[in-house]
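Chain by chain, the residues:
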Amino acid sequence: MLNHREKRRYLAIMYDDNTILLPFQLHEKIAERFKELFGAINCELAMLKLYDSKFGNILFVGCNLKYLDYLLVSLSMTQPSFTVVSLSGTIKRLRKNVSSLDIRNIKSIAK
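As the structure is a computational prediction, the values presented were derived from the model and not from experiment.

## Brief notes about the side chain of Arg8
Point 1. Note that Arg8 resides in strand S1 (residues 8-15).
Point 2. Here Arg8 sits buried without a salt bridge, and the closest side chain of opposite charge, Glu6, lies 8.7 Å off (N-O distance).
Point 3. Within polar-contact distance, the side chain of Arg8 engages the backbone oxygen of Gly62 at 3.3 Å.

## A short note on the confidence of the model for the chain
Point 1. With 91% of its residues at a pLDDT of 70 or more, the chain shows a mean pLDDT of 87.
Point 2. Averaged pLDDT values over the elements of the chain bottom out at 54 in helix H5 (residues 103-110) and peak at 94 in helix H2 (residues 40-46).

## Examining helix H4 (residues 91-100)
Point 1. Those residues of H4 lying buried are Ile91, Leu94 and Val98. Taken end-on, H4 shows its buried residues confined to a sector of 55 degrees, consistent with a single buried face. For H4, exposure combined with an orientation more than 90 degrees from the buried face picks out Lys92 and Ser100.

## Observations concerning the side chain of Asn64
Point 1. Residue placement: Asn64 occurs in strand S3 (residues 58-64).
Point 2. With residues near it in sequence (within four places) discarded, Asn64 still touches Glu6, Lys7, Arg8, Leu45, Ala46 and Met47.

## Brief notes about the packing of helix H1 (residues 23-38) against helix H3 (residues 68-77)
Point 1. Between H1 and H3, whose axes approach to 9 Å, the crossing angle comes to 110 degrees. Regarding the angle of H1 to H3, the classification is roughly perpendicular. Note on packing geometry: the crossing formed by H1 with H3 is right-handed. Taken together, the residues of H3 that come into contact with H1 (itself represented by Ile30, Arg33, Phe34, Leu37 and Phe38) are Tyr70, Leu71, Val73, Ser74, Leu75 and Met77.
Point 2. When its residues are assigned to classes, the contact of H1 with H3 shows nine nonpolar, one polar and one charged.

About the criteria used
- Residues numbered from 1 in each chain as written.
- Predicted model: local features only at pLDDT ≥ 70, side-chain atom pairs only at ≥ 80, totals over all residues.
- Heavy atoms only, no water.
- Helix = DSSP H or I, 4+ residues; strand = E, 2+ residues; numbered from the N terminus.
- Buried < 20%, exposed > 50% of the residue type's maximum accessible area, 1.4 Å probe, protein only.
- Lys, Arg positive; Asp, Glu negative; His and termini not counted.
- Salt bridge = Lys/Arg side-chain N within 4 Å of Asp/Glu carboxyl O.
- Polar contact = N/O pair within 3.5 Å; in protein donor to acceptor, adjacent residues only side chain to side chain.
- pLDDT = per-residue confidence, 0-100.
- Arc of directions from axis to C-beta.
- Contact = heavy atoms within 4.5 Å.
- Axes fitted to C-alpha atoms, helices over the stretch in contact; angles between N-to-C directions.
- Parallel < 35°, antiparallel > 145°, perpendicular 65-115°, else oblique.
- Left-handed = near helix turned anticlockwise from the far one by under 90°.
- Nonpolar A, V, L, I, M, F, W, Y, C, P; charged D, E, K, R; others polar.

Dropping the structure here:
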């Protein structure tokens, strides 16, 4: 059998500054909503993973490409409001995209 690596996509998600939850708790909320909507097996197959963003209120989440649509739906249905800022195939490119954005302008538009 051939070794095949699944393609992944990485999302930069902006969350509200006023939330009292830590980034790993927000990731748990996303995974919980994903399980509620699409089941535990799909959640495991999606391989949701949290990455360090080094930006203020931005969270990096990686997922399997096949389940990207499911993740986007679950993000839109999650109670603390999330906004997808950028999407990329590599974390390096995602960090460049987010650093090139003016986060202060995005915050003022969102409010």
